[in-house]
Each structure stands twice: as structure tokens, then as C-alpha cells.
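Single-letter residue listing:
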Amino acid sequence: LLKSGNCSYEEYNLVYQNNADWKRIVPIVFFWKLLPGATLYLPFFLLVYPFLLPSTFDVAKLAQVPSKFVLFDAQIREKRAYYLRNVHSLSPQQNDALHLLSESPSSAKIIENRMLFVGEGVKLSLDNLEHTLSKPQMKAILLAVGIDSLMLNYLPQFMLKYKIAKHFDHLFKGDKYLISSNLDALPYDTLQQACLERGLRLKTLDTEHLRAQLKEWLHISEYSTALVQSVFFHAHAYHYIELALLPETEEIEIKEI
């Protein structure tokens, strides 16, 4: 279905999640069937390795429930603030880039000022991530897109980079389907999950503003994948507010909870 290219974004997500769930279930079945006393050890094993559970148990999915999302977001923001507490020494170019992102810029504004993110001297990219970001910064990036587990504290830096690269591979494939699909037909929960995966702002935004943000992301992604990567890394590896991308015609008051 995916190779044919004739599927919607929601169908792509279902196939992707189904394949991911199968990869998660195999180690659990192996653990359950072959190891003695697995019935006793399995709950503790899953406590340490929660990412091996199928997507039904994902915390990020529970975060879509409004009553639980505020708590989830507050906890994640607190963790990210802890990971980024030692990030202080930034170059003037990085400060200018962060200042631009703090103003909820449009995609046109980011493309106009693209040299702040991909210009000469900017080394922040997926290829050299382990040389430009610390391990806590990588953890903060994963938290920003809803990937949270006890194992983040124990994974080596190259594994964190692998998880980030795998996530971006999923994002860019999803972007292709979103660009060719009708965003106006996507339901609220799909828009919310798509924005969460891309680290875009969720709180205080209704369906129309979520859709507007997603369109701005896709505009940047279609223009340059390197640019949208750098924007993402600048937004989530140096400070701990959500990335908000809004069209220049939009007027919205961003409120903190």
C-alpha cells in the first residue's frame, strides 16, 4: 500500500504503527515464552522498557485526552527544563534564531531568514548531531515529540541520535502524504497527533490553528528538509517552549497554562 503511493496520511499512519507494533510484540513474546519465570518478571521488564508495549499504551496517545494532556504537558516541560538547565552559552546567530522562533513566525518569515538556521557556520543538523548537542539536549528533543521512558536516562548518545533520526524519517515520509492530502478533512485528533510528532504547539489552539501550524510546517518541509530540521532542533534543544508556527495573517494570543 505504501509503495503504491495511493494512500492517505491516516492510512500511512495505520500501516506505520502496525509495523511498529509487530516489532514491539516480538521481544515480549520471546521473553514470555522462552524465559523461566517470565510471568513474574514481565511487569518489571516493561516498567524499564515501556517502549516495547504496543501503541495502545503510548503516553502520547493518552495526552490527546484534554483532562490528561495538561498534566502530561506540565510534566514534560518540567523534565525538558531540567535537561536544558545548563544550556547558556549561545552564539549571536543562535540567539537571533531563537528570538525569531519565540515570535511564532510564519513559514515565509523563516524561509526569508533561513541563513540563521542553515547558513555558513551553522553546524546543527542530523548528520553531526552528536557533535553539536549534548546527551541532555537529545533527551529534551525526544521529550518534545512525546517519546518518554525511563530508558532515556540510560541510552548512549548514539542510540538517542538513532531514535531522533528514525523519528525524522517517519516525519518526512508523513509530510509527503500530508502535502498531497486534504488537510481540511483531517479530524482534530489526527491534527493533534501530527503536531505533537513535529513538536508544534498544542495548548490553547483549536482545530483551525492546529491545521494552520501544520500547513506552515509543511511549507518549510517542502522548501527544504534541512531547514525544517534546523528549526526543530533550535526550538527544542536550546529552550523549552513549544514551537509555534502561524501564518502572518493569523492573530492569536498564546496563553501559558
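Details of the structure are given in the entry above.
Report follows, based on the coordinates. What you see is a predicted model; the values in this text were computed from it and never measured. (Residues numbered from 1 in each chain as written. Predicted model: local features only at pLDDT ≥ 70, side-chain atom pairs only at ≥ 80, totals over all residues. Heavy atoms only, no water.)

## Considerations on the overall build of the protein chain
- In terms of helices and strands, the protein chain carries 13 helices and 0 strands.
- For the protein chain, the α and β elements follow one another from N to C terminus as α-α-α-α-α-α-α-α-α-α-α-α-α.
- Going through the 257 residues of the protein chain one by one, you find that 45% of them count as buried.
- With the model as given, the accessible surface of the protein chain reaches about 13900 Å², and the carbon-plus-sulfur share is 58%. (Helix = DSSP H or I, 4+ residues; strand = E, 2+ residues; numbered from the N terminus. Buried < 20%, exposed > 50% of the residue type's maximum accessible area, 1.4 Å probe, protein only. Areas by Shrake-Rupley, 256 points an atom, 1.4 Å probe, with all protein chains shown as cover.)

## A look at helix 12 (residues 207–223)
- Along its 17 residues, helix 12 runs 24 Å from first to last C-alpha, staying within 8% of the 24 Å computed at 1.5 Å per residue.
- Where helix 12 is concerned, the buried positions are His 209, Leu 210, Arg 211, Ala 212, Gln 213, Leu 214, Glu 216, Trp 217, Leu 218, Ile 220 and Ser 221.
- Check the buried side of helix 12 and you find it contacts helix 6 (107–112), helix 10 (157–179), helix 11 (188–197) and helix 13 (225–237). (Expected span 1.5 Å × (residues − 1). Contact = heavy atoms within 4.5 Å.)

## Overview of the nonpolar core
- Counting 56 residues, the largest nonpolar core has Ile 110, Phe 117, Leu 129, Ile 164, Phe 168, Trp 217 and Phe 233 as its most contacted members.
- Of all the secondary structure elements, the ones that give two or more residues to this core are helix 1 (9–34), helix 5 (92–102), helix 6, helix 9 (135–144), helix 10, helix 11, helix 12 and helix 13.
- Setting aside chain neighbours within four positions, we find Leu 129 in contact with Leu 124, Met 138, Lys 161, Ile 164 and Phe 233. (Core = buried A, V, L, I, M, F, W, Y, C linked by side-chain atoms within 4.5 Å.)

## Details of the packing of aromatic side chains
- Enumeration over the complete set of coordinates arrives at 5 aromatic pairs.
- Plain terms: the ring middles of Phe 168 and Phe 172 are 5.6 Å apart, the flat faces sit at 50° to each other, and that makes the pair tilted. A residue pair is termed a helical-turn pair when its members lie 3 or 4 positions apart in one helix, as Phe 168 and Phe 172 do in helix 10 at 4 residues. Each member of the pair, Phe 168 as well as Phe 172, is classed as buried.
- Note on Trp 217 and Phe 232: the rings are 6.4 Å apart at their centroids and 85° apart in plane angle, and the pair reads as edge-to-face. Of this pair, Trp 217 sits in helix 12 while Phe 232 sits in helix 13, and the two are 15 residues apart along the sequence.
- With a relative accessible area of 1%, Phe 232 lands in the buried category. (Phe/Tyr/Trp six-rings, centres within 6.5 Å; stacked < 30°, edge-to-face > 60°.)

## Focus on the packing of helix 10 against helix 12
- One way to put it is that helix 10 packs onto helix 12 with a least axis distance of 10 Å and a crossing angle of 110°. The angle between helix 10 and helix 12 places the two elements in the roughly perpendicular class. Contacts between helix 10 and helix 12 involve Leu 171, Phe 172, Asp 175, Leu 178 and Ile 179 from the former and Leu 214, Trp 217, Leu 218, Ser 221 and Glu 222 from the latter.
- For the contact of helix 10 with helix 12, the per-class residue count stands at 7 nonpolar, 1 polar and 2 charged. (Axes fitted to C-alpha atoms, helices over the stretch in contact; angles between N-to-C directions. Parallel < 35°, antiparallel > 145°, perpendicular 65-115°, else oblique. Nonpolar A, V, L, I, M, F, W, Y, C, P; charged D, E, K, R; others polar.)

## A look at the environment of Val 145
- Tracing the sequence through the fold places Val 145 in the loop between helix 9 and helix 10.
- The buried category is assigned to Val 145, whose relative accessible area is 5%.
- Remark: the alpha-carbon pair of Val 145 and Gly 199, spanning 54 residues in sequence, is separated by 5.1 Å.
- Residue contacts for Val 145: discarding those within four places in its chain leaves His 167, Leu 196, Glu 197, Gly 199 and Phe 232.

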